[in-house]
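A closer look at the structure
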Amino acid sequence: MRLRNKSLSFVINFLLGVAWAFVLLGSITSFLSFYQYNIFYALISAVVGAIPGLIGIVILEHIITTQENNLELKKQTKLLEKIYEHK
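Before going into details, it helps to say that this report is about the structure given with it. Position labels on residues start from 1 in each chain and follow its written sequence. Predicted model: local features are reported for residues with pLDDT of at least 70 only, side-chain atom pairs are reported and counted for 80 or more only, and whole-chain, interface and lining totals are derived from all residues. Side-chain calculation: all heavy atoms of the structure are included, whereas hydrogens and water are not.

A closer look at the overall build of the protein
Helix numbering and strand numbering both begin at the N terminus, where a helix is a DSSP run of H or I of at least 4 residues and a strand a DSSP run of E of at least 2. A count of helices and strands for the protein gives 2 helices and 0 strands. Here the globule rule reads 2.2 Å times residues to the power 0.38, and the radius of gyration is calculated from C-alpha atoms. Relative to its length of 87 residues, the protein is extended, with a C-alpha radius of gyration of 21 Å against a globular reference of 12 Å. If one aligns the C-alpha atoms of the protein with their principal axes, the spans along those axes are about 75 × 25 × 10 Å. The classification of residues rests on relative accessible area computed with a 1.4 Å probe and restricted to protein chains. Under 20% of the type maximum is buried, over 50% is exposed, and intermediate values are partly exposed. Scored against the burial criterion, the 87 residues of the protein give a buried share of 21%. Note on definitions: a residue-residue contact is assigned when non-hydrogen atoms from the two residues lie within 4.5 Å. Counting contacts in the protein only where the partners sit at least 6 residues apart, residues at least 24 apart contribute 56% of the total. Of the accessible surface of the protein, which amounts to about 7,000 Å², a share of 70% is contributed by carbon and sulfur atoms. We count Lys and Arg on the positive side and Asp and Glu on the negative side, and we leave His and both chain ends out. In plain terms, the charge of a residue is placed at NZ if it is Lys, CZ if Arg, CG if Asp and CD if Glu. Averaging the positions of the 8 positive and the 5 negative side-chain charges in the protein gives two centres separated by 5 Å. For accessible areas, the Shrake-Rupley method is used with a probe of radius 1.4 Å. Any residue's cover is judged against the shown protein chains and nothing else.

The following block contains the structure:
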């Protein structure tokens, strides 16, 4: 993972795996539920069934991106403070 905190990285990786499992299970079960009626309804329900897992993935990726941005800003702040002290 991209994060430096190993425990947070482990938890987020685990939750990403769970979210992808929800995507797969939601889309497959929804598809198989409506397959006997119409293939079009089955495809639409598969997309709708995958949405909760996809929302979870987007939220977790946002958390990762925010943490990376925070670490980068801390690095830049240290460098700027060194430059300021040097002058």
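Now, onward.
Things to note about a positive patch on the surface
Residues enter a patch when their relative accessible area is above 30% and they make no salt bridge; the linking distance is 9 Å between like charges and 5 Å between nonpolar side chains (Val, Leu, Ile, Met, Phe, Trp, Tyr). Salt-bridge detection follows one rule: a side-chain nitrogen of Lys or Arg within 4 Å of a carboxyl oxygen of Asp or Glu. A surface patch of positive charge is lined by Arg4, Lys74, Lys75, Lys78 and Lys82. As for its position among the elements, arginine 4 is in the segment before α1 (6-34).

A word on the packing of aromatic side chains
To pair, rings of Phe, Tyr and Trp, with the six-membered ring standing in for Trp, must have centres within 6.5 Å; the planes then decide the type, stacked if under 30 degrees apart, edge-to-face if over 60, and tilted in the middle. Inspection of the entire model under this criterion finds 3 aromatic pairs. With a centroid separation of 5.5 Å and 40 degrees between ring planes, the pair formed by phenylalanine 31 and tyrosine 35 is classed as tilted. Take phenylalanine 31: its relative accessible area is 23%, and that puts it in the partly exposed class. Ring geometry for phenylalanine 40 against tyrosine 41: centres 6.2 Å apart, planes inclined by 55 degrees, an arrangement best described as tilted. Here the two residues phenylalanine 40 and tyrosine 41 agree in accessibility, since each one is exposed.

Considering the nonpolar core
Definition used in this section: a nonpolar core is a set of buried Ala, Val, Leu, Ile, Met, Phe, Trp, Tyr and Cys residues joined via side-chain atoms within 4.5 Å. Counting residues in each nonpolar core, the largest one holds 8 residues, listed as Ile12, Leu16, Ala19, Val23, Ala50, Ile57, Leu60 and Ile64. Every element with two or more residues in this core is listed here: α1 and α2 (39-86).

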